[in-house]
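# Structural characterization, general
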Amino acid sequence: QVQLVESGGGLVQAGGSLRLSCVASGRTFSSYAMGWFRQAPGKEREFVAVISRNGDYTYYVESVKGRFTISRNNAETTVSLQMTSLKPEDTAVYYCAATYASRGLTASADYDYWGQGTQVTVSS
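Report on the accompanying structure. (Residues numbered from 1 in each chain as written. Predicted model: local features only at pLDDT ≥ 70, side-chain atom pairs only at ≥ 80, totals over all residues. Heavy atoms only, no water.)

In this structure, Tyr111 sits in the loop between strand S9 (92-99) and strand S10 (113-114). When its relative accessible area of 6% is taken as the criterion, Tyr111 is described as buried. Expressed as a C-alpha distance, the spacing of Tyr111 and Pro88, which sit 23 residues apart in the sequence, is 27 Å. The residues contacting Tyr111, other than those within four sequence positions of it, are Ala33, Met34, Gly35, Phe37, Val50, Ala97, Ala98, Thr99 and Leu105. At 2.7 Å, the side chain of Tyr111 and the backbone oxygen of Leu105 are in polar contact. (Helix = DSSP H or I, 4+ residues; strand = E, 2+ residues; numbered from the N terminus. Buried < 20%, exposed > 50% of the residue type's maximum accessible area, 1.4 Å probe, protein only. Contact = heavy atoms within 4.5 Å. Polar contact = N/O pair within 3.5 Å; in protein donor to acceptor, adjacent residues only side chain to side chain.)

Turning next to the state of the cysteines. According to the stated counting rule, one finds 1 disulfide in the structure shown. One disulfide bridge connects Cys22 with Cys96, the sulfur atoms lying 1.9 Å from each other. Of the two residues, Cys22 is situated in strand S3 (residues 18-24) and Cys96 in strand S9; the sequence distance between them amounts to 74 residues. Per residue, the accessibility class of Cys22 equals that of Cys96, and both read buried. (Disulfide = S-S within 2.5 Å.)

One recurring pattern in soluble globular proteins: nonpolar side chains tend to sit buried together. Residues Leu4, Trp36, Val79, Leu81, Met83 and Tyr94 are the most contacted members of the largest nonpolar core, which totals 38 residues. Counting residues per element, the ones that place at least two in this core are S3, strand S4 (33-39), strand S5 (46-51), strand S7 (68-73), strand S8 (78-83), S9 and strand S11 (118-123). Excluding residues within four positions of it along the chain, Val79 makes contact with Leu20, Ser21, Cys22, Phe29, Met34, Trp36, Ile51, Ile70, Ser71, Arg72 and Cys96. (Core = buried A, V, L, I, M, F, W, Y, C linked by side-chain atoms within 4.5 Å.)

Quick look at the side chain of Asp90 now. Relative to the helices and strands, Asp90 is located in the loop between S8 and S9. According to the relative accessible area criterion, Asp90 is buried, its value standing at 0%.

The full count for this structure, using the stated rule, is 8 aromatic pairs. Ring plane angle 80° and centroid distance 5.0 Å describe the contact between Phe37 and Tyr111, whose orientation is recorded as edge-to-face. Here Tyr111 lies in the loop between S9 and S10 and Phe37 lies in strand S4, a separation of 74 residues in the sequence. Taking the centre distance of 6.0 Å and the plane angle of 25° together, the rings of Phe47 and Tyr59 count as stacked. (Phe/Tyr/Trp six-rings, centres within 6.5 Å; stacked < 30°, edge-to-face > 60°.)

Under the criterion given, the structure shown has 4 salt bridges. For Glu46, the salt bridge is made with Arg38, and the minimal N-O distance between the two is 2.7 Å. Across the pair Glu62 and Lys65 runs a salt bridge, and its minimum N-O distance is 3.2 Å. On the basis of relative accessible area, Glu62 is assigned to the exposed category, the value being 59%. Owing to a relative accessible area of 41%, Lys65 belongs among the partly exposed residues under this scheme. Where salt bridges share partners, they join Arg38, Glu46, Arg67 and Asp90 into one cluster. (Salt bridge = Lys/Arg side-chain N within 4 Å of Asp/Glu carboxyl O.)

Shown next as structure tokens:
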């Protein structure tokens, strides 16, 4: 089992940057692909980005391509999401998630473990 704890959220002006981090417990972190999702008020949870077990593959939702970067450090059991050029529409609770799966990885149902979320608010 994996426990995930996110941090790094906050309030930022449009055009600013934030870096989210997620620390995983357990000794099998490198066995999981890691994803970031977000959920805005009144909306369904949305896939943001995923990174493969060894970090050699990443994939992003179109709306964040070129602005967000996902990375991981297996030795430190962390996954990060660097967010730049933030927009008000990026406002949401951001969740990291872990999965044993190796295909798909863009749906919430693909993931086995979730963090509690961290709030990101972008003001205009």
